[in-house]
Every structure is written in structure tokens, then in C-alpha cells.
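# Results of the structural survey
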Amino acid sequence: MELIKKYFPNLTIEQFSKFEKLEELYKDWNLKINVVSRKDIDELYLRHVLHSLGIAKVQEFLPDSKILDVGTGGGFPGIPLAIMFPDSEFHLVDSIGKKIKVVEEVKGGLDLQNVKSFNERVEDINGSYDFIVSRAVAVMPTFVRWVKGKIAKESRHERRNGILYLKGGDLTEELSDYKTAQVFDLSEYFEEDFFDTKKVVYLPMKYKG
Ligand SMILES: C[S@@+](CC[C@H](N)C(=O)[O-])C[C@H]1O[C@@H](n2cnc3c(N)ncnc32)[C@H](O)[C@@H]1O
């Protein structure tokens, strides 16, 4: 929790209390359904919460924007981002029902009214989103094929919309076909060693205007 305060000192009391409660909820749920590995649950704030919030350092979501988290698993990066941006609407999708059950429980426990969850494959989701966020789900070509029809045709975010993907390691080959991709090193925002190789890939998508 200190980590969240360190990098996001200006949150409201309500946001801090939601981030605080989140640990308790995930620890409880992890005893019933293993959504986060044992090692990771001890480092929940570093490996899951702060990592998810790396996207918030790269892109601020404006009020009324719509964000889709693809393959959210237990709710990452969608849940931390929904706490961070309470005026944006987050749709969290995963094809595994028990993961969505955990997301629903955490959503209820934190009273996150800006979150909706869907137990579906992303290919079956119809919707139009300002940004698609994700972590650890598919290689870029597959991912782009799944989501490219779901990006809003008009941008609310100063000509920015598209994919924001948390990735790690050397992305040169994976991104070689995506000339417009921008890679942001999370080590520029967070000093912990965990972030040394972590990145946010922003892939802009076409929009009008
Ligand atoms: C490695 S987990 C990552 C979970 C979460 N994003 C995280 O970083 O903690 C990948 C998740 O993607 C989901 N997934 C894979 N393909 C999917 C698809 N086509 N539609 C929806 N969910 C999918 C899986 O069910 C799994 O929960």
C-alpha cells in the first residue's frame, strides 16, 4: 500500500481505502480460487496493483471514456485502473467463469460501480471502446485481430485511442509489423527492480478527425 502512496500521492481518501481493502479481498479469494500465484499474493501491490497502474502513468482516462480489459483474469489491470479512474467505465472480459466470479466479488466488495464483467471470449464482445488494455493474454498479431473492430472511431483523448498493453522483455520482433507502436519503459516511472524490463506498448488505432 505504501507503494501506491509513493507513486500516486494525490488520490482521494476513498481511492486509498479501496486500494487498501483490495488486498484483504484478494487474499480471501485466493484461498478459495487460486487467481494469483502464492508468491505474487505476497507482493500484490508491486506485481499486480502498481504494475496495472503503469498504464495510468502513460495515459490518463477522461471522464465518460470506455475501456475494455481483455483476459482480465482476477481483474488486472482493470480493477486498479477502475479505482484510479472512477469516472470512466471499465468492461472486464475473461473466458474462464471462475475468474469472472472473483472479479464480481471484488467489484462488489469495493463497490466499483464503474466496472462490468463478462464471462465471454473477447471475440464475442460487441462494443466500442476508447482504449483496450491488457496484460499477459496473447501475442500482438492475435490480440490486434481480436480487438481492432472494437476501438471507437472518434477519439475523446486528444487524438489518442487504441491498445495499451503491459508487456515485458525485448519486443523488437513482436512489434516489427507495428510501425506506429510506442513503447514506454515503466522503469522511468517506478524505481523498483521489478519494473526494469516492464513496458507499456501503446498501439494507436485509426480514428476520424
Ligand atoms: C495469463 S492470464 C492473465 C490474467 C490477467 N490479465 C493478469 O495479468 O493477471 C490470461 C487470461 O486471458 C484469458 N483469455 C485468453 N484468451 C482469451 C479470449 N480470447 N477471450 C477472453 N479471455 C481470454 C484467460 O482465460 C486468462 O484468464
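Residues numbered from 1 in each chain as written. Predicted model: local features only at pLDDT ≥ 70, side-chain atom pairs only at ≥ 80, totals over all residues.

### Here we look at the site of the ligand
The environment of the ligand is formed by 15 residues, the closest being G71, G73, F76, V122 and R135. A per-class count over the shell around the ligand returns six nonpolar, four polar and five charged. (Near = placed C-beta within 6 Å. Nonpolar A, V, L, I, M, F, W, Y, C, P; charged D, E, K, R; others polar.)

### Some remarks on unusual backbone geometry
Cis geometry is adopted by the peptide bond preceding P77, which originates at F76 and carries an omega value of 10 degrees. Here the phi dihedral of D64 falls at roughly 75 degrees; this positive angle occurs in a residue that is not glycine. Among the secondary structure elements, D64 is positioned in the loop between helix 4 (44–58) and strand 1 (66–70). Exposure remark for D64: the 10 C-beta atoms within 10 Å place this residue in the exposed category. In the Ramachandran plot, A136 falls in the positive-phi region, its phi being about 55 degrees despite a non-glycine side chain. Relative to the elements of secondary structure, A136 occurs in the loop between strand 4 (131–135) and helix 7 (140–147). Here A136 falls in the exposed class, since 11 other C-beta atoms lie within 10 Å of it. (Helix = DSSP H or I, 4+ residues; strand = E, 2+ residues; numbered from the N terminus. Buried ≥ 20, exposed ≤ 12 C-beta atoms within 10 Å, placed from the backbone.)

### Observations concerning the sheet that holds strand 6 (residues 182–185)
Taken in spatial order, the seven strands line up as 3-2-1-4-5-7-6 in an open sheet, and their pairing is mixed. The sheet is open, and its two edges are formed by strand 3 (115–119) and strand 6, each paired on a single side. Neighbour-to-neighbour, the strand axes of the sheet open up by a mean angle of 20 degrees, direction not taken into account. Here four bridges tie strand 1 to strand 4, and the two strands are oriented parallel to one another. (Pairing = 2+ DSSP bridges. Axes fitted to C-alpha atoms, helices over the stretch in contact; angles between N-to-C directions.)

### Some thoughts on the nonpolar core
Grouped together as the largest cluster of nonpolar side chains are 49 residues, with contacts concentrated most on I55, I67, L81 and I132. Excluding residues that lie within four positions of it along the chain, I67 makes contacts with F61, L81, S88, F90, Y129, D130, F131 and V133. (Core = buried A, V, L, I, M, F, W, Y, C linked by C-beta atoms within 7 Å. Contact = placed C-beta atoms within 7 Å.)

### As for the UniProt feature "binding site: S-adenosyl-L-methionine" (unreviewed entry) in the chain
Taken from the UniProt record, the annotation "binding site: S-adenosyl-L-methionine" (unreviewed entry) applies to G71, F76, V122, E123 and R135. Following the sequence through the fold, E123 ends up in the loop between strand 3 and strand 4. Of note, R135 is situated in strand 4. Aside from chain neighbours lying at most four places away, what touches R135 is F76, P77 and L166. (UniProt positions renumbered as here; feature names shortened; annotations may be inferred.)

### Considerations on the pairing of strand 7 (residues 198–204)
Strand 7 sits mainly inside the fold: five of its seven residues count as buried. In the sheet, strand 5 (residues 162–168) pairs with strand 7 via seven bridges, with the strands oriented antiparallel. Each residue of the ladder has a partner; that of L166, found in strand 7, is V200. In the sheet, strand 6 pairs with strand 7 via four bridges, with the strands oriented antiparallel. In the sheet register, V183 faces strand 7, and the bridge partner there is V201.

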